[in-house]
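# Summary of structural features
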Amino acid sequence: MTLERILILSIVLFAIGLFGVLARRHLIAILLSLELMFNAANLAILGIAWHRGCLAGALIVLFGIAITVAEVAIGLSLFLLAERVRGVVHADELSDLRG
Amino acid sequence: MIVADLLFFILAAVMIAGALGVVLSRSLYRAAFCLAATLVASAVVYLALTAPLIAAVQILLYTGGLLTLVVFALVVSGSTDNPQPWRRPVPALVVAVLVGVALMPIAWQVGGTGAGRGGLDDGVELGVLLFTRYLVPFELLSVLLLAAIFGALTVARRERQA
């Protein structure tokens, strides 16, 4: 296990997640793909921290996990709001701001 | 060393398969559980990266909390049927592949081939760092979590008051 392999793995996961964010229609599916991207970033950070022997990197990952979970809570409540008020669960149906 | 490499490749395969499952499966429950598989596999990688505390947090808080939240939202909304789950997948695929290819040089630039120094398993040192040098981000994070709780409650309740 080397840093190079970890970074390649995290880039692959990031690209897959990016595809999901761009291509999926359901709001929760977009959130899940976003989590994939966050996890890839965490993996890269922790890999670099492991390589350098830097404990602060592990702290960054801890902070990142906490922020991500908070973001998911907000995202899901927004989803529930959109679903109840507008009856919409797909991102491409929320197009009020399109010019 | 060979065993470790083999283990890493197996974990990487599980993670990539889980990621593809998240992106490609039609059922959202299946997507959520594929995400859980990816997160647990990365927790095992964190263990191998000498960071058992982060691995535990990853499983307990990230995987458990996230899966619970998402499954709750799916159950409450009841919208899991997905006749057409993707929208314009080809341009999205092109963008994703391009971004991946553009990021790849970082892996070769930054990543050395040698083993890492490790030393991320010192929980005491981690706690000391958290409450001395990184105290301000820690407190900001608690404020953020509080704001997230209130935000989620407000956003989800507004409909009832109106």
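If you're wondering where the values come from, they're calculated on a predicted model, not measured in any experiment.

Along chain A, the regular secondary structure elements total 3 helices and 0 strands. Of the regular secondary structure in chain A, the N- to C-terminal order runs α-α-α. In terms of C-alpha radius of gyration, chain A reaches 17 Å, well past the compact-globule figure of 13 Å for 99 residues. Judged by the C-alpha coordinates and their principal axes, chain A covers about 50 × 25 × 25 Å. Looking at the 99 residues of chain A, the share that counts as buried comes to 56%. Considering only residue pairs separated by 6 or more positions, chain A has 48% of its internal contacts joining residues 24 or more positions apart.

This part is about the overall build of chain B. If you tally the helices and strands in chain B, you get 6 helices and 0 strands. Along chain B, helices (α) and strands (β) appear in the sequence α-α-α-α-α-α when read from the amino end. Compactness check: chain B gives a C-alpha radius of gyration of 20 Å against a globular reference of 15 Å for 162 residues, more than 25% above the reference. In chain B, the share of contacts with a sequence separation of at least 24, taken over all contacts with a separation of at least 6, comes to 50%.

On to the interface of chain A and chain B, then. Listed as interface residues are 64 residues of chain A and, on the opposing side, 82 residues of chain B. Elements that contribute at least two residues to the side of chain A that touches chain B include exactly α1 (3-23), α2 (27-52) and α3 (55-86) of chain A. When its residues are assigned to classes, the side of chain A that touches chain B shows 45 nonpolar, 10 polar and 9 charged.

It is worth spelling out the confidence of the model for chain B at this point. Summing up the model confidence of chain B, the mean pLDDT is 87 and the portion of residues at 70 or higher is 93%. Both confidence scores are given for the complex: pTM 0.90, ipTM 0.91.

This paragraph deals with helix α3 (residues 52-77) of chain B. Taking 1.5 Å of rise per residue, 26 residues should cover 38 Å, and α3(B) covers 36 Å from first to last C-alpha, within 8% of that figure. The principal kink in α3(B), of about 30°, is found at Q58(B). Those residues of α3(B) that fall on the buried side of the exposure criterion are I54(B), A55(B), Q58(B), Y62(B), T63(B), L66(B), V70(B), A73(B) and L74(B). Where α3(B) is buried, its residues contact α2 and α3 of chain A together with α2 (28-48) of chain B. Immediately beyond the C-terminal end of α3(B), within one or two residues, lies G78(B), with a positive phi of roughly 65°.

What follows is about the confidence of the model for chain A. The share of residues in chain A with pLDDT of 70 or more is 99%, and the mean pLDDT across the chain is 89. When pLDDT is averaged over each helix and strand of chain A, the minimum, 88, is found for α3(A) and the maximum, 93, for α1(A).

Here we take up the packing of α2(B) against α3(B). All names here are of chain B. Across the interface, α2 lies against α3 with an axial gap of 8 Å and an inter-helix angle of 175°. In terms of orientation, α2 lies roughly antiparallel with respect to α3. Only P52, I54, A55, Q58, I59, Y62, T63, L67, V70, V71 and L74 of α3 make contact with α2, whose side of the interface consists of L28, Y29, A32, A36, L39, V40, S42, A43, Y46 and L47.

Cut-offs and rules
Residues numbered from 1 in each chain as written. Chains lettered and ligands numbered in written order. Predicted model: local features only at pLDDT ≥ 70, side-chain atom pairs only at ≥ 80, totals over all residues. Helix = DSSP H or I, 4+ residues; strand = E, 2+ residues; numbered from the N terminus. Rg over C-alpha atoms; globule rule 2.2 N^0.38 Å. Buried ≥ 20, exposed ≤ 12 C-beta atoms within 10 Å, placed from the backbone. Contact = placed C-beta atoms within 7 Å. Nonpolar A, V, L, I, M, F, W, Y, C, P; charged D, E, K, R; others polar. pLDDT = per-residue confidence, 0-100. Expected span 1.5 Å × (residues − 1). Bend = angle between axes of the 7 residues up to and from the residue. Axes fitted to C-alpha atoms, helices over the stretch in contact; angles between N-to-C directions. Parallel < 35°, antiparallel > 145°, perpendicular 65-115°, else oblique.

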